[in-house]
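Close look at the chain arrangement
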Amino acid sequence: STAKVSKMTFYKFFKNKNDLVKYLWSLMFDYGMKKFEDIENMDISFQEKVNLILKMKEESSKKLSHELAIEYLFANDELRDFFNQMYQKSIGAFIEFIKQAQKKGEVRTEMKPEFFIAAINKLMELVENKQLVQSYESYKDFVLEVNNFLFYGIFPRPDNNKNV
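Since the model is a prediction, treat every value here as computed from it, not as a measurement. (Residues numbered from 1 in each chain as written. Predicted model: local features only at pLDDT ≥ 70, side-chain atom pairs only at ≥ 80, totals over all residues. Heavy atoms only, no water.)

Some words on the packing of aromatic side chains
Throughout the structure, instances matching the rule amount to nine aromatic pairs. A ring pair is formed by phenylalanine 94 and phenylalanine 97, whose centres lie 5.8 Å apart and whose planes are at 45 degrees; its orientation type is tilted. Of the two residues, phenylalanine 94 and phenylalanine 97 both sit in helix α5 (residues 77-103), three residues apart, roughly one turn of that helix. Of the two residues examined, phenylalanine 94 and phenylalanine 97, each falls in the buried class. By the ring-pair criterion, three or more aromatic residues cluster together here, those being Phe36, Phe46, Phe94, Phe97 and Phe116. (Phe/Tyr/Trp six-rings, centres within 6.5 Å; stacked < 30°, edge-to-face > 60°. Helix = DSSP H or I, 4+ residues; strand = E, 2+ residues; numbered from the N terminus. Buried < 20%, exposed > 50% of the residue type's maximum accessible area, 1.4 Å probe, protein only.)

Comments concerning the pattern of salt bridges
Applying the stated criterion to the full structure yields six salt bridges. With a closest N to O distance of 2.8 Å, glutamate 78 and lysine 22 form a salt bridge. Of this pair, glutamate 78 sits in helix α5 while lysine 22 sits in helix α2 (residues 17-40), placing them 56 residues apart in sequence. A salt bridge links lysine 122 to glutamate 125; the shortest N-O distance between them is 3.5 Å. Separated by three residues within a single helix, lysine 122 and glutamate 125 lie in helix α6 (residues 113-125), roughly one turn from each other. The exposed category is assigned to lysine 122, whose relative accessible area is 54%. On the basis of relative accessibility, which here comes to 44%, the residue glutamate 125 falls in the partly exposed class. (Salt bridge = Lys/Arg side-chain N within 4 Å of Asp/Glu carboxyl O.)

Things to note about the packing of α5 against α6
Running from amino to carboxyl end, α5 crosses α6 at an angle of 145 degrees, the nearest separation of the two axes being 11 Å. Seen along the crossing, α5 lies across α6 with a hand that is right-handed. Two secondary-structure elements touch here, α5 through Phe83, Tyr87, Gln88, Ile91, Phe94, Ile95, Ile98, Lys99 and Gln102 and α6 through Pro113, Phe116, Ile117, Ile120, Asn121 and Met124. Of the residues assigned to the contact of α5 with α6, the class counts are 11 nonpolar, three polar and one charged. (Axes fitted to C-alpha atoms, helices over the stretch in contact; angles between N-to-C directions. Left-handed = near helix turned anticlockwise from the far one by under 90°. Contact = heavy atoms within 4.5 Å. Nonpolar A, V, L, I, M, F, W, Y, C, P; charged D, E, K, R; others polar.)

So, a nonpolar patch on the surface
A surface patch of nonpolar side chains, about 290 Å² in accessible area, is lined by Tyr23, Leu24 and Leu27. As for its position among the elements, leucine 27 is in helix α2. A relative accessible area of 44% places leucine 27 in the partly exposed class. (Patch = residues over 30% accessible without salt bridge, like charges linked within 9 Å, V, L, I, M, F, W, Y side chains within 5 Å. Areas by Shrake-Rupley, 256 points an atom, 1.4 Å probe, with all protein chains shown as cover.)

This is the structure we're talking about:
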């Protein structure tokens, strides 16, 4: 009744609430990937691109309420699997972004992409920690924390000393 459409109309387009959520997440994902590509193609430094990506993540995470994230990412295997599929699709594009930055010397060149992927995957496990997610005031704050932590160690060290 909140959507102001009849059940008959709703079920004409979606089998259930999960299908609606997947549809909305797909729209958000496609929009995010397009924005990511736009940022990636800008003629600005890697660090400026990262700042824009973090701002984009902040904006998109505002659209996902804390309660919705907890309800669907923790209590619904179908939606968690769907979310993970979208995440896996985005990883390839992101790793290519990192490799391009490595070629330009904007990201530590000694860092293996396999390590970076493993670190991302470990950070994504935090999404499944309900107690941790609930400890943040909003889902947006949690997403920003994960992303800021991810980007913290990838910039080149100013002294280029690998032994530190």
